[in-house]
Amino acid sequence: VFYQNISDNNLKAELIKDFKEMKIALKNDDIIEFGRRLSLQLENIFNFSLNSLDVHALISANYQQYQSVTPNWPNYKGNPFNFYNSFFSITKNKNQYEPVELSRVSFNTKSIFLSIHFNYQVNARNIKDIYFLRNKGSHRDQLSQNDQQTLNRIISDFDKNYSFYHKVLFDVVYGIPNIR
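*Asks:* I keep staring at the side chain of Asp 18 and nothing clicks. Help me out?
*Replies:* Here Asp 18 shows up in helix α1 (residues 9-27). Residue Asp 18 is classed as buried on the basis of its relative accessible area of 1%. Engagement of the side chain of Asp 18 in a polar contact is seen with the side chain of Arg 37, the distance being 2.7 Å. When neighbours within four sequence positions are excluded, Asp 18 is seen to be in contact with Arg 37, Leu 40, Gln 41 and Asn 44.

*Asks:* Just to check I follow, could you spell out the packing of helix α2 (residues 31-53) against helix α6 (residues 107-117) for this structure?
*Replies:* Helix-helix packing: each pair is described by the crossing angle between the helix axes and the interaxial distance. Running from N to C, α2 and α6 cross one another at 55 degrees; their axes reach a closest spacing of 10 Å. Judged on the interaxial angle alone, α6 and α2 are oblique. For α2 against α6, the interelement crossing comes out left-handed. Along its contact with α2, which presents Ser 39, Leu 42, Glu 43, Phe 46, Asn 47, Ser 49, Leu 50 and Leu 53, the element α6 presents Phe 107, Lys 110, Ser 111, Phe 113, Leu 114 and His 117. Taken together, the residues that form the contact of α2 with α6 break down as 7 nonpolar, 5 polar and 2 charged.

*Asks:* Is there a simple way to think about the pattern of salt bridges in this case?
*Replies:* Opposite charge on two side chains makes pairing possible when the charged atoms of those side chains draw close. On inspection of all chains with the given rule, the structure shows 11 salt bridges. Residues Glu 33 and Arg 37 are paired through a salt bridge, measuring 3.0 Å at the closest nitrogen-oxygen approach. Of this pair, Glu 33 and Arg 37 both sit in helix α2, 4 residues apart, which is roughly one turn of the helix. For the pair Glu 33 and Arg 37, a shared accessibility class is recorded, and that class is buried. When salt bridges that share partners are traced, they join Glu 14, Lys 17, Asp 18, Glu 33, Arg 36 and Arg 37 into one network.

*Asks:* Mind showing me how you'd approach α2 here?
*Replies:* Since the α-helix packs 3.6 residues into each turn, any two residues three or four apart lie on the same face. A rise of 1.5 Å per residue sets the reference length of α2, with its 23 residues, at 33 Å; its end C-alpha atoms lie 33 Å apart and thus fit the reference within 8%. The element α2 is extensively covered by neighbouring structure, given that 17 of its 23 residues are classed as buried.

*Asks:* I would appreciate a short explanation of the packing of α2 against helix α9 (residues 158-175) in the present structure.
*Replies:* For the pair α2 and α9, the least separation of the axes is 10 Å and the interaxial angle reads 15 degrees. Between α2 and α9, the angle is such that the two are roughly parallel. As for how α2 packs across α9, the hand of that crossing is left-handed. Seen from α2, the contacting residues are Ile 31, Phe 34, Leu 38, Gln 41, Leu 42, Ile 45 and Phe 46; seen from α9, they are Phe 158, Tyr 162, Tyr 165, Val 168, Leu 169, Val 172 and Val 173.

Scoring rules and cut-offs
Residues numbered from 1 in each chain as written. Predicted model: local features only at pLDDT ≥ 70, side-chain atom pairs only at ≥ 80, totals over all residues. Heavy atoms only, no water. Helix = DSSP H or I, 4+ residues; strand = E, 2+ residues; numbered from the N terminus. Buried < 20%, exposed > 50% of the residue type's maximum accessible area, 1.4 Å probe, protein only. Polar contact = N/O pair within 3.5 Å; in protein donor to acceptor, adjacent residues only side chain to side chain. Contact = heavy atoms within 4.5 Å. Axes fitted to C-alpha atoms, helices over the stretch in contact; angles between N-to-C directions. Parallel < 35°, antiparallel > 145°, perpendicular 65-115°, else oblique. Left-handed = near helix turned anticlockwise from the far one by under 90°. Nonpolar A, V, L, I, M, F, W, Y, C, P; charged D, E, K, R; others polar. Salt bridge = Lys/Arg side-chain N within 4 Å of Asp/Glu carboxyl O. Expected span 1.5 Å × (residues − 1).

What follows is the structure, encoded as structure tokens:
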């Protein structure tokens, strides 16, 4: 039901599969796998949307605009984003910029680009937690002391934050119109 309005059948099937796996992980108290499955859904949505936008052509055609983008977020005091340098890289052989494969563009960059482009917002801390869980679920290496503290915080606060993590997914699904 959650994904009933997704227009592309392949995307919908993949999202439903990962949604079910996310729910199974939750039932099994596997918070890391829950976060990994949640981030897979987000990344699939991001990639589909960016492909639908033809993001490389969009940025290329508006080179000046995408070199310095300041989000219209309340209390944002950071530097502008240079999306051109995120979606294009210089080749050593030809000494020219070429599109970066979307799988090589960071999760964070995709998320920020789409939230600015479609003018929606997600809670930054919650999406960082989801991304953290994704990385820990995909790269099951030894945790640093800081990573262990972050994981302990996420696990100990999970019951009170679960609905906020789900809200990130809700905000993305309903904030990105070109997937529906």
